[in-house]
Each structure stands twice: as C-alpha cells, then as structure tokens.
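Working through the structure, step by step
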2 protein chains.
Amino acid sequence: MNSDALLIIAVSEADSNLYYATRFFAPDPFVFLQVAGRKILLMSDLEIDRARAQARVDEVVSLSEYEGKARQRWQAPHFIDTVGLFLEAYGVQAVTVPATFPLEYADRLRDTGVQVTARPDPFFPERLIKSEEEIAAIAETQRHTEMAFEAAVRVLRESRIRGERVHWQGKPLTVEALKKVINISLMENDCVAQHTIVACGIDGVDPHNQGSGPIRPNESIVFDIFPRSSRTRYFADMTRTVVKGTASDDLRRMYDAVLAAQLRGIELVRDGASGQAIHAEVARVLEVRGYETGSVDGRMQGFFHGTGHGVGLDIHEPPRISKVDYPLRGGQVVTVEPGLYYSRWGAVRIEDLVVVEAGGCRNLTRAPKLTLLEL
Amino acid sequence: MNSDALLIIAVSEADSNLYYATRFFAPDPFVFLQVAGRKILLMSDLEIDRARAQARVDEVVSLSEYEGKARQRWQAPHFIDTVGLFLEAYGVQAVTVPATFPLEYADRLRDTGVQVTARPDPFFPERLIKSEEEIAAIAETQRHTEMAFEAAVRVLRESRIRGERVHWQGKPLTVEALKKVINISLMENDCVAQHTIVACGIDGVDPHNQGSGPIRPNESIVFDIFPRSSRTRYFADMTRTVVKGTASDDLRRMYDAVLAAQLRGIELVRDGASGQAIHAEVARVLEVRGYETGSVDGRMQGFFHGTGHGVGLDIHEPPRISKVDYPLRGGQVVTVEPGLYYSRWGAVRIEDLVVVEAGGCRNLTRAPKLTLLEL
C-alpha cells in the first residue's frame, strides 16, 4: 500500500499542476498518478500515442484497457470505477489530490473505499520556485509583452488630437484598435493575451474594466498586458500608464506617487521578505503623500488591490504581496503593481515583473517608467 | 432552511456554469448562491461595482463585509469560514454544487456542518437547450470560423508547388503561416481560437496533433477550427480536409467514405434520436466501405473517436454522439464529425455544426464539403 500517492484528474490545458507534472497538453481530461516516485498516465486511445511520445512521465497506460476490465466487473461502470481499478492495480488506497479536485470524483472514490485528501495550494510547492529555464521563458514572454506595448505606443505617437478625439489613419482611435495592434504583435511572437486592459480616463478607475470606445486626449490610459506564450505556456505581466496629449498636474502627481510606491516595493523584495510587510509599506508611501483609500460615493477609490502576485504557468500564483502574509523566497517571480484610482483624476498603475533573489530582486521588465509618458 | 440552494465558487472565465448563471466575467474566483429563486453574488471590493452594473443577478453583497464579521468570530478565518457566514445569513444549511466544485472547499464546508452534494453534469440542464439568441451567437461565431478557413484556402490557392514544397509569397508555406492567417481573420471578428489544428499528411493521422512545419503537396490537410467569440463567449467548431495539389485515389475514396458517413449522421440527428445509435450507424457506414478500426503497429487507425459533441459556452458539452448513450433534444447544438486516419493514406475529417430540431436538424455550417477540395 502507498499512502503518499498523488492523483490529478483534470484538463492539462486548464490545470497548470497537471501540465507542470507531465508537460503534456490535451484538450480533454486525463488521469495522473504519482506513486513511489513514478509518474503514470491513464490515457484515452485518442491521446495515448501522443502522450507516449511527449509526456514527461514514466509510464502511459490505456484507459480503454481498464474500461474493459471495469465492464467485466460492473454492468455500467462510471469513469471513477475505472480509475478505482487503475489505483488498485498500483496498490494505491489513499491519494492526495489538489484543492481543486472535482468533488463528484472525490465522493465517488471515497464510496469505493479510497481515502482522498485535498492538499491546500500550492499542490507542488516547488512550482513557485522557478528554474533558470522557467525564468528565461517568463522573461521571453515579457519581451514580447513589451514589444506589443511599444506597438501601441507607436500608434499613439502617430495619432493626432482633434478636439475631444484622437485620430489615427484618418479615423477616431479606439481602445479596440489599440488592442488589435497589441494582439497582432503578440501573435507574431506566439503569445496570446486575454482580457488585456486598455482603459482610458474613468474606465481605468475600475481596475478590472478592460476598457472600450474612443481614446480621449489628456486622460490617463492604463495598459495592462499579461499574455501567455503558446510555446512555453509561461505568462508575463506588465502595466504602464500613459497620456495622449498633456496630463493635468493632479495626474502627474498621482503618477509620481505610484512610481515612488512601486520603486519602494521593488526595493523591499528579497528572499525572506514578508509580502504583507511590503504591501503595507507600499500603501504607506501612497498614504503619506495624501492619497486616501476608501469608499467615496459608494465606490472604492485610492489603492484597494494587492501589491503583487506570483506569475508562472498561471497568471495568478502564490505568493501574494498583499494583506495576507506570504514569505517571499528566492526564485519566485512576482509582480509589483501599486495603483491609484480616483473618479476625479483618473487611474495610474505601474507594474513590473521581478525575480526574488537573496539580497534583492532582478527586474525582468525593461519598458521605461520613470516619468509619465505624454505622447 | 433552504435545501434547494445552489452554490458555485469558481472563476467565471473558466467555469461556464458560473458565467451562464450570472453573465458576469471576472478573472478571479467569486461566490454565487441561488436560493429561493434569488441569485446572490459575494464579491470582492475590486469587482463589486462592476458586478452590480453588469451581473444578471438579484443582489451583490460585499465579501469584505463578511470577512469583517468572520474576523470578529475567528482569529484567522479561512475564505470558507467567510462563505459559511454568508450561507448562514441566507438560512442555507445544504447546498448543491457542480461536479467540479473544489474538494478542499467542500470538505471545509462539511466540517462547518453544511451539507454539500455534487450534482453530476449538467449542473444547469437548461444550458444544453439553446435559445434562439444563443443559436444566433453560435451561428455568428461559425460565420467567422468559415471566413478564417476561407482565408487559409485563399493562401493555398495563391501558393505554388515546387517539388516537395509549397511556396507562398516567395517562401515555403508552413502550418504556422496558415495558422497566423486564420488567427488574424478571427481576431478581426473578435474571436479567439486556441489549439487550431492544421495537420498535413501523417500529422493528421493523430487526430489531436495540432500540426507544424512545412505544407507538403498532394497530402491531406485537416483544418479543425473552434474559436470562441470574445464578445458573446459562444464557440463554433468546423473541420474541413483539403489537398494542395492532387489527391491519390485512396485519399479520394477515404474522403467519399467520411462524407457519406457524415451525411448519414446528419440525416439521423433529430429530437429524440439516440446519440449512441447515430454513432454506431456512422461507424457502420465506414466499415461497410472496408475501413477497419483498430490498433495497427501499436497505433490506433480507422475511426476511433466519437461522432460529435455539444457546443455552446464550452467547446465540449453534453450531449455526446458516441459509444455512451445520450438522447438528443431539440435546441441542442452538436457537431457531426466522423474521420478516418491511416498512416498509409493520411487523414480525413469533416465536421459540421447542427441544431437539433423536431424532425431533423438545421445545419449552421455553410462551407462547401461535397467534394475533396484540391487546390
């Protein structure tokens, strides 16, 4: 009997733990078992050849063979009956599963006598500590992110202010047109970005509003771009705030405050630092400059999100740099992204991606940020 | 006490049930409760304003308020403690959750005395029966899919055979270049396709091989394109098989067999039909033409996947037209996509998207298929 077995049943495209464990992509669910140091996949006929060729595992066994055995024992076996036979064949009576393991499967396995224990995240703690190969992959996606942002900046430079609109190639410039430019640039580099934020003026004041409609001059434009490489599967994440035209003094002051907070946050990132303490200090830098946070007219204003999060095979991974404490460890890749949001003035967010190291951190972001870009 | 309460905790971007229930998109998890006919969301400060403006629910309540209450009761409350207080406030002691509900959350809720029952898919049976509005959205994505395919066909028409290569715009034409053309066309229509298959010759013989490298003349090229509209969130799905140059007689015969099987399958799709019976008949049409299915040299050959699947907010939904029985119902949208795969000859798959109706089905696919396209 093996009580230290790990079991994942998921779609590797949607479940980074399964992809991390196998480096195998499939659009349909499959079964991963790790027992006594061996990695075993239970695969459908449709994927079994590709899995044997591509998956970084020790053994790939046929789901349909186990389905045949299950039909000998039960008249209409459930998928989990088949998985149960598979576990039995490997002497597994107890499994540790990810926190996200599907409840229906867990309850059915428990009904068959298998002990199922959910492990709180992170399922593979080693996933948080990136290898040099993984850091290189993230840095590469980051380069592509910056090229996409630069393509959008070129459009803003080429465009002309006409009254309350910005014109480009003879038409009013829109968020949609800028996103298309960003997406085409990313695609040229095998990256895919979903939910890119290009938020002008008041739209940016809701940090998750993805933005839409015409670009207006002299207002903040927040670009938050977080694509994934289709090749390596690693994400990057960057935010820059620019203005087409001339910023108000209020907006420039806000920018300087966010920049100061961000630089202070980056300064504090190092192996052993407390994410909670960094977040508190970043918030303090904004507060001492007079930027208050709280509900105004029923709407949150100021700085009301976390300072940062881990990035890797998921766009949001542990650790967090936020109100909840996480100690930072060397080899983690985290964002540092304070922001300020006020209905009166607009939005500013500045985000870099850094690698936690022994005495500090290494910034993977090269895009300029030291002054508010007025284009 | 309400025992008929539904609870979902998920990321609506990844969980179509949650999106279906709320029509609200957020990149981070949130909590959905349906009790006594009312839909209630528990939302973070970051999303609460947007949720109140956009979500199709009856009430949006503040997560941070419940977190405050939880901190009065426990020193370091877990997220699920907060959810427990929320359920308590609405008099809920028993919840039905999706099959995919995270095990860690379920076990913690059970520890607090809440009865948690996983409902096997479909969680919302009504999701399978598409409204006219939903069918229109799927049909629209299908139009964009066909435009993308036509863009690729134009490239194949413009390209020239030179020996064992195909040249386009002065360079050897590759799968990667064709996918770029497809993706740009989709992007122009706010669609995103992941894992598009453009598989030439032997690559196509593995039905899930996405394809790569040079396009070779006189070989089968399988295009399987299944994008999602970023606007409506509905998928479409289409497969066509073409040849650049001239097909062998064997390949043409295979094409005719797959076409006959597909037309027969479509003929049988109607309200009340058995998915299992349709799949068996489609397989029979291939068999009587002499196309056998089974392992050859350790590799599955012939027709070894299902005939079809539902399409909607997910690319793979119930019902299935396969070895497992599902009765088809009017208003379902399903693919019909038999294929043949032989190392010797190549691959053929033909896939249309149809709406199940009372006496038959309505084909949403307009792209030609009645003869093998030799370009």
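Residues numbered from 1 in each chain as written. Chains lettered and ligands numbered in written order. Predicted model: local features only at pLDDT ≥ 70, side-chain atom pairs only at ≥ 80, totals over all residues. Heavy atoms only, no water.

Here we come to the interface of chain B and chain A. Listed per partner, the contact involves 41 residues of chain B and 41 residues of chain A. Taken together, both faces of the contact between chain B and chain A bury some 3500 Å²; the carbon and sulfur share is 57%. When residues of chain B are sorted by the area they lose upon contact with chain A, Leu46, Leu103 and His208 of chain B head the list and together hold 20% of the total. Here chain B and chain A share 4 salt bridges between them. (Contact = heavy atoms within 4.5 Å. Buried area = accessible area lost by both parts, 1.4 Å probe. Salt bridge = Lys/Arg side-chain N within 4 Å of Asp/Glu carboxyl O.)

For a regular strand, side chains alternate in direction, first toward one face of the sheet and then toward the other. Residues and elements named next belong to chain A. Burial analysis of strand E2 (residues 30-35) places 5 of its 6 residues in the buried class, the great majority of the element. The sheet contact formed by strand E1 (residues 5-10) and E2 spans 5 bridges and is antiparallel. Across the sheet, Ala10 pairs through a bridge with Phe30, a residue of E2. Bridge count between E2 and strand E3 (residues 38-43): 5 bridges; the pairing is antiparallel. Pairing of Phe32 across the sheet is with Leu41, part of E3. Hairpin geometry of E2 and E3 is characterised by an intervening segment of 2 residues between the two adjacent antiparallel strands and by a positive phi of about 50° at Ala36. (Buried < 20%, exposed > 50% of the residue type's maximum accessible area, 1.4 Å probe, protein only. Helix = DSSP H or I, 4+ residues; strand = E, 2+ residues; numbered from the N terminus. Pairing = 2+ DSSP bridges.)

Residues and elements named next belong to chain B. Within the fold, Arg240 resides in strand E14 (residues 238-243). Judged by relative accessible area, Arg240 falls into the buried class, the value being 3%. Within the structure, the side chain of Arg240 is placed 2.9 Å from the side chain of Asp352, a separation counted as a polar contact. Apart from residues lying up to four places away in sequence, Arg240 is in contact with Phe149, Ile221, Val222, Phe223, Arg349, Ile350, Glu351, Asp352, Thr365, Ala367, Pro368 and Lys369. (Polar contact = N/O pair within 3.5 Å; in protein donor to acceptor, adjacent residues only side chain to side chain.)

Mapping one chain copy onto the other needs a rotation about an axis and a shift along that axis. Once chain B is rotated about the relating axis by 180° and shifted along it by 0.0 Å, it coincides with chain A to within an RMSD of 0.0 Å. The two molecules are tied by a two-fold rotation axis, judged by turn and shift. It is Leu103 of chain B whose C-alpha, among those of chain B, lies nearest the rotation axis, at 2.4 Å. Of the interface residues in chain B, 100% have counterparts in chain A that sit at the interface too, so the contact is made through matching surfaces. (Least-squares fit on C-alpha atoms with pLDDT ≥ 70 in both.)

So, about helix H5 (residues 103-111) of chain B. For H5 of chain B, the complete set of buried residues consists of Leu103, Glu104, Tyr105, Ala106, Asp107 and Leu109 of chain B. Here the buried face of H5 of chain B lies against strand E5 (94-98), helix H5 (103-111) and strand E6 (115-119) of chain A together with strand E1 (5-10), helix H4 (79-89) and strand E6 (115-119) of chain B. Following H5 of chain B by one or two positions, Gly113 of chain B adopts a phi angle in the positive range, close to 100°.

The next thing to look at is the packing of aromatic side chains. Two measures describe an aromatic ring pair: the distance that separates the ring centres and the angle between the ring planes. Residues and elements named next belong to chain A. All chains considered together, the criterion is met by 26 aromatic pairs over all chains. Relative to Tyr90, the ring of Phe86 lies with its centre 5.3 Å away and its plane at 65°, an arrangement referred to as edge-to-face. Measuring from centroid to centroid gives 5.5 Å for Phe149 and Phe223, while their planes differ by 70°, and the two rings are edge-to-face. In this pair, Phe149 is assigned in helix H6 (residues 132-158) and Phe223 in strand E12 (residues 220-225), connecting sequence segments 74 residues apart. On the basis of relative accessible area, Phe149 is assigned to the buried category, the value being 5%. One aromatic cluster is present, formed by Tyr20, Phe123 and Phe124 through successive ring pairs. Positioned above the aromatic ring of Phe123 is the side chain of Arg119, whose terminal nitrogen or guanidinium carbon lies 5.3 Å from the ring centre. (Phe/Tyr/Trp six-rings, centres within 6.5 Å; stacked < 30°, edge-to-face > 60°. Lys NZ or Arg CZ within 6 Å of the ring centre and 35° of its normal.)

Right, let's talk about the pattern of salt bridges for a bit. Per the stated rule, a full pass over the model turns up 51 salt bridges over all chains. Two residues, Glu337 of chain A and Arg349 of chain A, come together in a salt bridge whose shortest N-O distance is 4.0 Å. Here Glu337 of chain A, found in the loop between strand E19 (333-336) and strand E20 (339-342), pairs with Arg349 of chain A, found in strand E21 (residues 346-349); they are 12 residues apart in sequence, far enough to count as distant. The same class applies to Glu337 of chain A and to Arg349 of chain A, which are both buried. Taken together, the shared-partner salt bridges in this structure form one network comprising Asp107 and Arg110 of chain A together with Asp107 and Arg110 of chain B.

What follows covers unusual backbone geometry. At the junction of Asp121 of chain A and Pro122 of chain A, the peptide bond is cis and its omega measures out at -5° in the coordinates. Relative to the helices and strands, Pro122 of chain A is located in the loop between E6 and H6. Phi at Gln169 of chain B is positive, roughly 50°, even though this residue is not glycine. Secondary-structure assignment places Gln169 of chain B in the loop between strand E8 (165-168) and strand E9 (171-172).

At their nearest, the axes of helix H7 (residues 175-188) of chain A and helix H7 (residues 175-188) of chain B sit 11 Å apart, and the two run at 165° to each other. When the axes of H7 of chain A and H7 of chain B are compared, the pair comes out roughly antiparallel. For the crossing formed where H7 of chain A meets H7 of chain B, the hand is right-handed. Only Lys180, Asn183, Ile184, Met187 and Glu188 of chain B of H7 of chain B make contact with H7 of chain A, whose side of the interface consists of Lys180, Asn183, Ile184, Met187 and Glu188 of chain A. When the residues that make up the contact of H7 of chain A with H7 of chain B are grouped by side-chain class, the tally is 4 nonpolar, 2 polar and 4 charged. (Axes fitted to C-alpha atoms, helices over the stretch in contact; angles between N-to-C directions. Parallel < 35°, antiparallel > 145°, perpendicular 65-115°, else oblique. Left-handed = near helix turned anticlockwise from the far one by under 90°. Nonpolar A, V, L, I, M, F, W, Y, C, P; charged D, E, K, R; others polar.)

We now examine the environment of Arg252 of chain B. Positionally, Arg252 of chain B belongs in helix H8 (residues 249-268). The contacts of Arg252 of chain B, once residues within four sequence positions are left out, are Thr246, Ala247, Leu372 and Glu374 of chain B.

As a further point, take helix H4 (residues 79-89) of chain A. Within H4 of chain A, 8 of the 11 residues are buried, which leaves the element mostly enclosed by the surrounding structure. Two residues or fewer after H4 of chain A comes Gly91 of chain A, characterised by a positive phi angle close to 70°.

A few words on the pairing of strand E11 (residues 197-200) of chain B. Residues and elements named next belong to chain B. Of the two faces of E11, the one holding Ile197 and Ala199 and the one holding Val198 and Cys200 are both buried throughout. Sheet topology places E11 next to strand E12 (residues 220-225); 4 bridges connect them, and they run antiparallel. The residue of E12 that forms the bridge with Ile197 is Asp224.

Our focus in this paragraph is the sheet that holds strand E5 (residues 94-98) of chain B. Residue and element names in this part refer to chain B. Pairing is mixed in the open sheet, where 6 strands are placed in the order E4-E3-E2-E1-E5-E6. Every other strand in the sheet has two partners, leaving strand E4 (59-62) and E6 as the edge strands with one partner each. Here the average twist between neighbouring strands, direction ignored, is 25°. Sheet topology places E1 next to E5; 2 bridges connect them, and they run parallel. For Ala5, the partnering residue across the bridge sits in E5 and is Val95. In the packing of helix H3 (residues 63-73) onto the sheet, contacts are made with strand E3 (38-43) and E4, and the angle to E4 comes to roughly 45°.

Looking now at the domain arrangement of chain A. Residue and element names in this part refer to chain A. Per the domain assignment, the segments making up chain A are domain 1 (5-123) and domain 2 (128-374). For domain 1 and domain 2, the distance between their C-alpha centroids amounts to 38 Å. For the pairing of domain 1 and domain 2, the buried interface totals around 630 Å² over both sides, and the portion due to carbon and sulfur atoms is 55%. Counting across the interface, domain 1 meets domain 2 through 1 salt bridge. In the side of domain 1 that touches domain 2, the residues fall into 4 nonpolar, 1 polar and 2 charged. (Domains from an automatic or database assignment.)

Turning to the packing of helix H3 (residues 63-73) of chain A against H4 of chain A, a few remarks are in order. All names here are of chain A. Between H3 and H4, the least distance of the axes is 9 Å, while the angle of their chain directions is 105°. With respect to each other, H3 and H4 are oriented roughly perpendicular. Only Phe79, Thr82, Leu85, Phe86, Glu88 and Ala89 of H4 make contact with H3, whose side of the interface consists of Leu63, Tyr66, Glu67, Lys69, Ala70 and Arg73.

Turning next to the side chain of His279 of chain B. Following the sequence through the fold, His279 of chain B ends up in helix H9 (residues 275-288). Each residue touching His279 of chain B, except ones within four places of it in the same chain, is listed here: Phe303, His305, Gly306, Thr307, Ile321, Ser322 and Lys323 of chain B.

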